[in-house]
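Summary of the model geometry
What follows is the residue order along each chain.
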Amino acid sequence: FNVLDDGTTTYLPNGRAAVTSLLASDLMGYNDLIQMEANLMDNGARPTEGGMFAYIMPPQTYAGLLKDPDWKASHQLRDPDSIYRGEVGTLGGLAVVRSNAPGFAAQAQATSGKTNKWYFGFAVGRQAYAITDLQNLKVYTIAPGGHTDPLYQSRQLSYKFAFKAVILNNNWLIVTKSAGLNS
């Protein structure tokens, strides 16, 4: 998350120039996803094997997208089960994925008259980033017994490993900043 957050290409909905100008109504919507997909295509990003780009967002931004009238209208007749299940699925060339990872927690701002919370998201093309394998997985095993285990019933297993995420192409990664449903 921290590595992707350092991406240099950012997108804010409704043409906002900075996070300090976000309003609570600046939710991500269909038009925003269309624009991000076009930006990724213009930058030469490659879609995933399914032909889509990925858009990873927190639950509050995802909930705002579920309320988008364009998304709702596109699913009312063709796929109403998506409305009942609360699944965006794909929209505007992006496979939308929600994540409740801690990095997606709300960010606070104190600008008067603006949204009090905003959220990160990431639109990603294939091979925009990579996770390196530093080849040092080490497994530690402690056999049963000893002072803390007089009945020989407990075995401890632990491991250590190292990896690093790296941005390969900033043009294939868009960091989004927007309001969320409970902003």
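Calculation criteria
- Residues numbered from 1 in each chain as written.
- Predicted model: local features only at pLDDT ≥ 70, side-chain atom pairs only at ≥ 80, totals over all residues.
- Heavy atoms only, no water.
- Helix = DSSP H or I, 4+ residues; strand = E, 2+ residues; numbered from the N terminus.
- Rg over C-alpha atoms; globule rule 2.2 N^0.38 Å.
- Buried < 20%, exposed > 50% of the residue type's maximum accessible area, 1.4 Å probe, protein only.
- Contact = heavy atoms within 4.5 Å.
- Core = buried A, V, L, I, M, F, W, Y, C linked by side-chain atoms within 4.5 Å.
- Patch = residues over 30% accessible without salt bridge, like charges linked within 9 Å, V, L, I, M, F, W, Y side chains within 5 Å.
- Areas by Shrake-Rupley, 256 points an atom, 1.4 Å probe, with all protein chains shown as cover.
- Salt bridge = Lys/Arg side-chain N within 4 Å of Asp/Glu carboxyl O.
- pLDDT = per-residue confidence, 0-100.

Let's shift gears to the overall build of the chain. Secondary structure assignment for the chain yields five helices and eleven strands. Taking 16 Å as the expected radius of gyration for a compact globule of 183 residues, we find that the chain reaches 21 Å, considerably beyond that expectation. Seen through its C-alpha atoms, the chain measures out along the principal axes to roughly 65 × 40 × 35 Å. Burial statistics for the chain: of 183 residues in total, 32% are counted as buried. Here the analysis covers contacts within the chain between residues at least 6 apart in sequence; of these, 72% occur between residues at least 24 apart.

All right, on to the nonpolar core then. Counting 31 residues, the largest nonpolar core has L33, M36 and Y55 as its most contacted members. Taken together, the elements giving at least two residues each to this core come down to α2 (30-42), β2 (53-57), α3 (59-66), β4 (94-98), β6 (117-124) and β11 (173-178). It is β6 that contributes the most residues to this core, five residues altogether. Aside from chain neighbours lying at most four places away, what touches Y55 is M28, L33, M36, T61, L94, A95, V96, V97, G121, F122, A123 and T176.

For the rest of this paragraph, the subject is unusual backbone geometry. Look at N14: it is not a glycine, yet its phi comes out positive at around 60°. Relative to the elements of secondary structure, N14 occurs in the loop between β1 (10-11) and α2. Phi angles above zero are rare outside glycine, and Q127 is one such case at about 60°. Within the secondary structure, Q127 sits in the loop between β6 and β7 (129-133).

Once that is clear, we can look at a nonpolar patch on the surface. A cluster of nonpolar side chains, contributed by Y129, I131, L137, V139, L157, Y159, F161 and F163, occupies part of the molecular surface with about 920 Å² of accessible area. Elements supplying a minimum of two residues to the nonpolar patch: β7 and β9 (156-160). Its place among the elements puts F163 in strand β10 (residues 163-167).

Another point: the confidence of the model for the chain. For the chain, the average pLDDT comes to 87, and 99% of its residues sit at 70 or higher. For the chain, helix α5 (residues 80-85) is the element with the lowest average pLDDT, namely 82, and β2 is the one with the highest, namely 95.

Our next topic: the environment of P13. Among the secondary structure elements, P13 is positioned in the loop between β1 and α2. The exposure class assigned to P13 is buried, which follows from its relative accessible area of 0%. Between the alpha carbons of P13 and Q76 there is a distance of 25 Å; along the sequence they are 63 residues apart. Not counting residues within four places of it along the chain, the set of residues in contact with P13 comprises L22, D26, L27, M28, D32, K177 and S178.

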